[in-house]
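# Summary of structural features
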Amino acid sequence: MTGRERREQLVAVGRSLFAEKGFDATSIEEIAARAGVSKPVVYEHFGGKEGLYAVVVDREMGDLLDRLTRALSGGAPHQLVEQAALALLTYIEEETDGFRILSRDSPVAGARGTFSSLLNDIANQVEHILGREFARRGIATKHAPMYAQMLVGMVALTGQWWLEERKPKREEVAAHLVNLGWNGLAHLEAKPRPLRRTDPRPDAE
């Protein structure tokens, strides 16, 4: 193998092991053995397990962010919600190992952020979309960041659930996310108020 080919092989081996066992439970010895090389070869290319993990995470973060950014690049607001949900679910289906790695907390400072930081990046894009929609409907735009976090969090948690379930199909899951998320936004109250508390005690006055 050329140096480049060996590096790509080690990235693929590391990605598979990190997805299967997690960062802490994966050893340099395992990575080297599965790749059919000696430990010094891994150190030569990545400086250690942490360096290999950082490369794997950076690539996955870049892939998923690109998919989600493209999904949010055009369309009616309710279409954007569905496109973003479908982009995440498609990534989970096509790159299951990658999502398993990203959805765990990254123990390596050198990796590009974390899954939560990626979701914050996406929430910032969603915030601008919601802000325009809120302004058009006379709803205070100052709450757009909060609603963006709610929407993105809902999609992300559903994605983590679907990672194991895989039912129903991704298109149907995305449609249900739009049903809850967008239809909920469509009937948004301009000034919601907390529900009045009812005292459950029978002798309450």
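Keep in mind the model is a prediction, meaning the values are calculated, not measured. (Residues numbered from 1 in each chain as written. Predicted model: local features only at pLDDT ≥ 70, side-chain atom pairs only at ≥ 80, totals over all residues. Heavy atoms only, no water.)

From N to C terminus, the protein chain includes nine helices and zero strands. Written out in order from the N terminus, the α and β elements of the protein chain read α-α-α-α-α-α-α-α-α. On C-alpha atoms alone, the protein chain measures out to a radius of gyration of 22 Å, which is more than a quarter above the 17 Å that the 2.2 N^0.38 rule sets for 205 residues. Dimensions of the protein chain, computed from the C-alpha atoms along their principal axes, are close to 75 × 50 × 30 Å. Among the 205 residues that make up the protein chain, the fraction classed as buried is 42%. Contacts in the protein chain between residues at least 24 apart in sequence constitute 67% of all its contacts with a sequence separation of at least 6. Looking at the protein chain as shown, the accessible area adds up to about 11800 Å², and 51% of this sits on carbon and sulfur atoms. Positive and negative side-chain charges of the protein chain, numbering 27 and 29 respectively, have mean locations separated by a distance of 3 Å. (Helix = DSSP H or I, 4+ residues; strand = E, 2+ residues; numbered from the N terminus. Rg over C-alpha atoms; globule rule 2.2 N^0.38 Å. Buried < 20%, exposed > 50% of the residue type's maximum accessible area, 1.4 Å probe, protein only. Contact = heavy atoms within 4.5 Å. Areas by Shrake-Rupley, 256 points an atom, 1.4 Å probe, with all protein chains shown as cover. Lys, Arg positive; Asp, Glu negative; His and termini not counted. Charge placed at Lys NZ, Arg CZ, Asp CG, Glu CD.)

Moving on, we get to unusual backbone geometry. Proline 168 follows lysine 167 through a cis peptide bond whose omega is -10°. Tracing the backbone through its elements, the reader meets proline 168 in the loop between helix H8 (144–165) and helix H9 (170–186). Positive phi, normally seen in glycine, also occurs at arginine 166, with a value near 60°. Here arginine 166 is to be found in the loop between H8 and H9. Under the relative-accessibility criterion, arginine 166 is labelled partly exposed at 29%.

With that settled, consider the UniProt feature "DNA-binding region" (unreviewed entry) in the protein chain. Residues annotated by UniProt as "DNA-binding region" (unreviewed entry) correspond here to residues 27–46. Counting secondary structure, residues 27–46 comes out at 80% helix and 0% strand; the distance between its end C-alpha atoms is 14 Å. (UniProt positions renumbered as here; feature names shortened; annotations may be inferred.)

Take helix H5 (residues 77–94) next. For H5, built from 18 residues, the straight-helix expectation of 26 Å at 1.5 Å per residue is met to within 8% by its first-to-last C-alpha distance of 26 Å. Of the residues making up H5, those classed as buried are Leu80, Val81, Ala84, Ala85, Ala87, Leu88, Leu89, Thr90, Tyr91 and Ile92. Considering only its buried residues, H5 is in contact with helix H4 (49–71), helix H6 (96–102), helix H7 (115–137), H8 and H9. (Expected span 1.5 Å × (residues − 1).)

Before going further, it helps to spend a moment on the packing of aromatic side chains. The full count for this structure, using the stated rule, is six aromatic pairs. Here the aromatic rings of phenylalanine 134 and tyrosine 147 are separated by 5.5 Å at their centres, their planes lie at 85°, and the arrangement is edge-to-face. Residue phenylalanine 134 is located in helix H7, and its partner tyrosine 147 is located in helix H8; the two are separated by 13 residues in the primary sequence. The burial state of phenylalanine 134 is the same as that of tyrosine 147; both residues are buried. Taken together through their ring pairs, the aromatic side chains of Phe18, Phe23 and Tyr53 make up a single cluster. For lysine 49, the ring lying beneath its charged end belongs to phenylalanine 23, and the centroid distance is 4.3 Å. (Phe/Tyr/Trp six-rings, centres within 6.5 Å; stacked < 30°, edge-to-face > 60°. Lys NZ or Arg CZ within 6 Å of the ring centre and 35° of its normal.)

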